[in-house]
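Chain by chain, the residues run as shown.
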Amino acid sequence: QVQLVESGGGLVQPGGSLRLSCAASGNGINVMGWHRQAPGKERELVATITRGGSTNYGDSVKGRFTLSRDNAKNTVWLQMNSLKPEDTAVYYCYVAGYYVTLSPFTSWGQGTQVTVSS
């Protein structure tokens, strides 16, 4: 079972920055990243990154958020700049990969609150 430890959420003013981190334990991890869910809305993609470094960003965060990864530490960092009130949400770390049996797995973190408000 892959365990995820998230950190870095909080309150920030519009235009400010925050950095989220997520550390995963376990082997076979390929994709790591973040999704978010605002009150009354569906969970949506923020950004993901493969073990090879290929990234995918949600349209609403392109050009403002940057996802990076350290494969040796199974850790990702989401640098969020130029934050807007509409970025307010619970941010969930996400990983996907394969067990040694080649069965696929996914795992979600417990979520960290990001609030953008003056």
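Residues numbered from 1 in each chain as written. Predicted model: local features only at pLDDT ≥ 70, side-chain atom pairs only at ≥ 80, totals over all residues. Heavy atoms only, no water.

Asks: Can you lay out the packing of aromatic side chains for me, pointing to particular residues and giving the numbers?
Replies: In the structure shown here, the tally under the stated rule is 2 aromatic pairs. Directly above the aromatic system of Tyr92 lies the positively charged group of Arg43, at a separation of 3.8 Å from the ring centroid. A cation sits over an aromatic face here: Arg43 above Trp108, 4.7 Å from the ring centre. (Phe/Tyr/Trp six-rings, centres within 6.5 Å; stacked < 30°, edge-to-face > 60°. Lys NZ or Arg CZ within 6 Å of the ring centre and 35° of its normal.)

Asks: Quick one: what's the story with the environment of Gly26, residue by residue and with numbers?
Replies: Position of Gly26 among the secondary structure elements: in the loop between β3 (18-25) and β4 (29-37). Residue Gly26 is classed as partly exposed on the basis of its relative accessible area, which comes to 35%. (Helix = DSSP H or I, 4+ residues; strand = E, 2+ residues; numbered from the N terminus. Buried < 20%, exposed > 50% of the residue type's maximum accessible area, 1.4 Å probe, protein only.)

Asks: I'd love a proper account of the sheet that holds strand β8 (residues 75-80), names of residues and values included.
Replies: Spatially, the 4 strands line up as an open sheet ordered β1-β3-β8-β7, and their pairing is antiparallel. Looking at which strands have only one partner, the edges of the open sheet turn out to be β1 (3-7) and β7 (65-70). Across the sheet, the mean angle from the axis of one strand to that of its neighbour is 15 degrees, orientation sign disregarded. Pairing analysis gives 5 bridges linking β1 to β3, with the strands arranged antiparallel. Opposite Leu4, over in β3, you have Ala24 as the bridge partner. (Pairing = 2+ DSSP bridges. Axes fitted to C-alpha atoms, helices over the stretch in contact; angles between N-to-C directions.)

Asks: Mind laying out the environment of Val116, listing which residues take part and the relevant values?
Replies: When you line up the elements, Val116 lands in strand β11 (residues 112-116). On the accessibility criterion, Val116 (4% relative accessible area) is buried. Val116 has contacts with Val12, Gln13, Pro14, Leu83, Lys84, Pro85, Asp87 and Thr88, leaving out every residue within four places of it along the chain. (Contact = heavy atoms within 4.5 Å.)

Asks: Quick rundown of the nonpolar core? Include the residues and the values.
Replies: Core analysis: the biggest nonpolar cluster contains 29 residues, and Trp34, Leu78, Met80 and Tyr91 have the highest contact counts within it. Contributing elements (two or more residues each) for this core: β3, β4, β5 (44-49), β7, β8, β9 (89-98) and β11. The residues contacting Met80, other than those within four sequence positions of it, are Gly16, Ser17, Leu18, Leu20, Arg64, Phe65, Tyr91 and Val114. (Core = buried A, V, L, I, M, F, W, Y, C linked by side-chain atoms within 4.5 Å.)

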